[in-house]
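Structure assessment
Next come the chains, spelled out residue by residue.
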Amino acid sequence: MTPEDELRIAEALQVPGHLVAMTGDGVNHSPTLRAADVGVAMGASGTDVALEAADLVLLDDRYATIVAAVELTRVGSDHVNAPPARVSEPVPLAP
């Protein structure tokens, strides 16, 4: 796949309501890393150009790290977006 093909795919997927994350490690991936909503560079094997183009750098080059990060983010956002707890009785304030 050419860098132009990657870029066209990323741009085609960027429709309203969708976020696009792309991974890469070389100079040829840098346009796509910049164009994606989240560009993820492989830090252990990536070129300086790819690392600078990315929003996120994986230090261990493992895709499992991306999955773990997304899961942690979802748990965190679930807590932030949860409705406030309701208290059935007034809570006395200390004087």
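Presented here is a report on the structure given in the accompanying data block.

Rules used throughout
Residues numbered from 1 in each chain as written. Predicted model: local features only at pLDDT ≥ 70, side-chain atom pairs only at ≥ 80, totals over all residues. Heavy atoms only, no water. Helix = DSSP H or I, 4+ residues; strand = E, 2+ residues; numbered from the N terminus. Buried < 20%, exposed > 50% of the residue type's maximum accessible area, 1.4 Å probe, protein only. Contact = heavy atoms within 4.5 Å. Areas by Shrake-Rupley, 256 points an atom, 1.4 Å probe, with all protein chains shown as cover. Pairing = 2+ DSSP bridges. Axes fitted to C-alpha atoms, helices over the stretch in contact; angles between N-to-C directions.

Turning our attention to the overall build of the protein. Counting its secondary structure elements, the protein contains 4 helices and 3 strands. Secondary structure elements in the protein, listed N-terminal to C-terminal, are α-β-α-β-α-β-α. When each of the 95 residues of the protein is scored for burial, the buried share is 21%. Counting contacts in the protein only where the partners sit at least 6 residues apart, residues at least 24 apart contribute 12% of the total. Per element, the accessible surface of the protein, about 7,100 Å² overall, is 61% carbon and sulfur.

Below, the discussion takes up the sheet that holds strand 3 (residues 56-58). Strand pairing within a sheet occurs via backbone hydrogen bonds; the two strands may be parallel or antiparallel. In spatial order, the strands read 1-2-3; together these 3 strands make up an open sheet with parallel pairing. Each of the sheet's edge strands pairs with one partner strand only, and the pair in question is strand 1 (21-24) and strand 3. Pairwise comparison of adjacent strand axes, ignoring direction, gives a mean angle of 25 degrees for this sheet. Where strand 2 (residues 38-42) and strand 3 come together, 3 bridges link them in parallel fashion. Bridging from a neighbouring strand, valine 40 pairs with leucine 56 of strand 3.

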